[in-house]
Amino acid sequence: MITLASVGGWQYALTHDYPKGTGEIIGAPDGKTYAAIVYLKKRAWFSEPREYVAMEIGRGAYHQKPEIIHYNEHPLETLDVKELSRMQRNQLVTWAPDSSEVTFHLGHESIKITIPEAPGKP
């Protein structure tokens, strides 16, 4: 019984996302918003891990419970990993000078996202 509980507990622990490597967190020019691109692994019960790139935009500080305003995942196998690994930090995520847009550069694909106005702002 203890062995079965241990295996079940271990499999449950493996279902949580965990970082595969270092990610990049790039603050917006206005200092109120950030964009993060992080390489993660996700594992379902008793299956092989799935690697993906998570793109997140939030208001506030990344490590201090920010308001998440955008989150998207791309499976790693759909991306040109060699191209991504050659890119410099400032090439992965670029902000518009007025912090109104952010572009994630994923090798041969770029995703531009318009930042919505903050609540309570005219």
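Everything quoted here is computed from the prediction, not taken from an experiment.

Q: Kindly report on the pattern of salt bridges, identifying the contributing residues and their values.
A: Scanning the entire structure with this criterion turns up two salt bridges. Note that Arg59 is salt-bridged to Glu67, the shortest N-O span being 3.7 Å. Linking Glu101 and Lys112 is a salt bridge whose minimum nitrogen-to-oxygen distance equals 3.9 Å. Of the two residues, Glu101 sits in strand S7 (residues 101-106) while Lys112 sits in strand S8 (residues 109-114), which places them 11 residues apart along the sequence. Owing to a relative accessible area of 28%, Glu101 belongs among the partly exposed residues under this scheme.

Q: Please provide a residue-by-residue account of the side chain of Glu56, values included.
A: Examined against the element boundaries, Glu56 turns out to sit in strand S4 (residues 50-59). Residue Glu56 is classed as buried on the basis of its relative accessible area, which comes to 14%. Polar contacts involving the side chain of Glu56 include one to the side chain of Tyr34, which spans 2.4 Å. Leaving out residues up to four positions away in the same chain, Glu56 has contacts with Tyr34, Ala35, Ala36, Tyr62, Ile68, His70, Tyr71 and Phe104.

Q: Describe the sheet that holds S8, and please don't skip the residues or the numbers.
A: Strands sit in the order S6-S7-S8 across an open sheet of three strands; the sheet is antiparallel. With one partner strand each, in any of the chains shown, strand S6 (93-95) and S8 form the two edges of the open sheet. Going across the sheet, the axis of each strand differs from the next one's by a mean of 20°, ignoring polarity. The pairing of S6 with S7 spans three bridges and is antiparallel. Opposite Val93, over in S7, you have Phe104 as the bridge partner.

The rules behind these values
- Residues numbered from 1 in each chain as written.
- Predicted model: local features only at pLDDT ≥ 70, side-chain atom pairs only at ≥ 80, totals over all residues.
- Heavy atoms only, no water.
- Salt bridge = Lys/Arg side-chain N within 4 Å of Asp/Glu carboxyl O.
- Helix = DSSP H or I, 4+ residues; strand = E, 2+ residues; numbered from the N terminus.
- Buried < 20%, exposed > 50% of the residue type's maximum accessible area, 1.4 Å probe, protein only.
- Polar contact = N/O pair within 3.5 Å; in protein donor to acceptor, adjacent residues only side chain to side chain.
- Contact = heavy atoms within 4.5 Å.
- Pairing = 2+ DSSP bridges.
- Axes fitted to C-alpha atoms, helices over the stretch in contact; angles between N-to-C directions.

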